[in-house]
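# Working through the structure, step by step
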Amino acid sequence: MDSHKNGNFTVKSGYRKLVNIKTNAAAFYDPELATIWKHLWSLDTLPRIKTFLWKCVNDIVPSSERMNRVMHSGSDYWSMCHQVEETTKHIIWDCPFARAVWTSIPGARRSMENSDTSVDTRIISWFTNDFTKLDAVWIVKMANATWEIWKERCGCVFDGKKPNDIEVIRNIQHINNMTGSSMKRTHRIVHINSSVYTTQNKWIPPAISTYSMCCDASFKVFSSINHTGI
């Protein structure tokens, strides 16, 4: 980062650097990529999953290969197979464990036909070709699977657990049930005077003489215990 002539960093020098970055970024603005980012951040899945996809596209996932390249630290081999260098591509797609998980995702094989495709190209292709015609929430399912494979990797590295593809597939199915169309919650509005119930998919400010109440609920199937909070 730029600094003053005396070599000390200041807020002023940092501000100048940010202005230069912004100016250069505007000169290289890519409308197609901007559209992809818009679709990615609007996916009906958890924020941490969307953030992880963004990291994959920008090559900042902390794999061993990435850590060695940037910080010269970390192990060269993947803790789950101990055979090849741990790159993001190998973690998510190339490892036999990951490929076993992907067999449970409809249409996943079609997006993995070219084994030489880079991580960013493969994820971007989800938003730019006809793969989305396979299922209305196909991209969400692919994103969820990518995240769960990464979580399993982290469990092996930091908790010393053994990879379990069946468990990961179940976790993917569970998170699929909570995301996609399930995240488009319906709000119920009660009009005090008329007692008429209406529903809508997007929240809007309540009308005059109307109260909007937000609530949350939980339910245990085995014990039939339920709780509601307002």
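Residues numbered from 1 in each chain as written. Predicted model: local features only at pLDDT ≥ 70, side-chain atom pairs only at ≥ 80, totals over all residues. Heavy atoms only, no water.

### Structural notes on the overall build of the protein
The number of helices and strands found in the protein is 10 helices and five strands. Looking at the protein residue by residue over its 230 residues, the buried ones come to 31%. Excluding contacts between residues fewer than 6 apart, the proportion of contacts in the protein whose partners are at least 24 apart in sequence is 45%. Total accessible area on the protein is roughly 15,400 Å²; 55% of this is exposed by carbon and sulfur atoms. (Helix = DSSP H or I, 4+ residues; strand = E, 2+ residues; numbered from the N terminus. Buried < 20%, exposed > 50% of the residue type's maximum accessible area, 1.4 Å probe, protein only. Contact = heavy atoms within 4.5 Å. Areas by Shrake-Rupley, 256 points an atom, 1.4 Å probe, with all protein chains shown as cover.)

### Description of helix H3 (residues 47-57)
Of all the positions in H3, only Ile 49, Lys 50, Phe 52, Leu 53, Cys 56 and Val 57 are classed as buried. Take H3 and look down its axis: the buried residues cluster within an arc of 155°, on one side only. Downstream of H3 by one or two residues, Asp 59 has phi in the positive range, about 55°. (Arc of directions from axis to C-beta.)

### Observations regarding unusual backbone geometry
Even without being a glycine, Asp 59 presents a positive backbone phi close to 55°. With respect to the helices and strands, the residue Asp 59 is situated in the loop between H3 and helix H4 (64-71).

### A closer look at the packing of aromatic side chains
Going through the model one piece at a time under the given rule, you end up with five aromatic pairs. Ring geometry for Trp 93 against Trp 102: centres 6.3 Å apart, planes inclined by 10°, an arrangement best described as stacked. With respect to burial, Trp 93 and Trp 102 carry one shared label: buried. Ring centres 6.4 Å apart and planes at 75° place the aromatic pair Trp 93 and Trp 126 in the edge-to-face group. Linking Trp 93 in helix H5 (residues 88-94) with Trp 126 in helix H8 (residues 119-128), this pair joins segments that are 33 residues apart in sequence. Of the two residues examined, Trp 93 and Trp 126, each falls in the buried class. Taken together through their ring pairs, the aromatic side chains of Trp 93, Trp 102, Trp 126 and Trp 138 make up a single cluster. (Phe/Tyr/Trp six-rings, centres within 6.5 Å; stacked < 30°, edge-to-face > 60°.)

### Topic: the confidence of the model for the protein
Per-chain confidence: the protein averages 78 in pLDDT, with 70% of residues scoring 70 or above. Of all helices and strands in the protein, the one with the weakest mean pLDDT is strand S1 (residues 187-191) (49), whereas H3 scores best (95). (pLDDT = per-residue confidence, 0-100.)

### Notes on the environment of Asp 116
Turning to its location among the elements, Asp 116 is positioned in the loop between helix H7 (108-111) and H8. With 22 residues separating them along the chain, Asp 116 and Asp 94 place their C-alpha atoms 10.0 Å apart.

### What to know about the packing of helix H2 (residues 31-41) against H8
At a minimum axis separation of 10 Å, H2 and H8 run at an interaxial angle of 80°. Taken together, the axes of H2 and H8 are roughly perpendicular relative to one another. Touching Glu 32, Leu 33, Ile 36, His 39 and Leu 40 of H2 are Ile 124, Phe 127 and Thr 128, all from H8. Looking at the contact of H2 with H8 residue by residue, the classes come out as five nonpolar, two polar and one charged. (Axes fitted to C-alpha atoms, helices over the stretch in contact; angles between N-to-C directions. Parallel < 35°, antiparallel > 145°, perpendicular 65-115°, else oblique. Nonpolar A, V, L, I, M, F, W, Y, C, P; charged D, E, K, R; others polar.)

### Side note on the side chain of Glu 152
Relative to the helices and strands, Glu 152 resides in helix H9 (residues 138-159). For Glu 152, the contacting residues outside a window of four places in its chain are Met 80, Phe 97, Lys 161, Lys 162, Pro 163, Asn 164 and Val 168.

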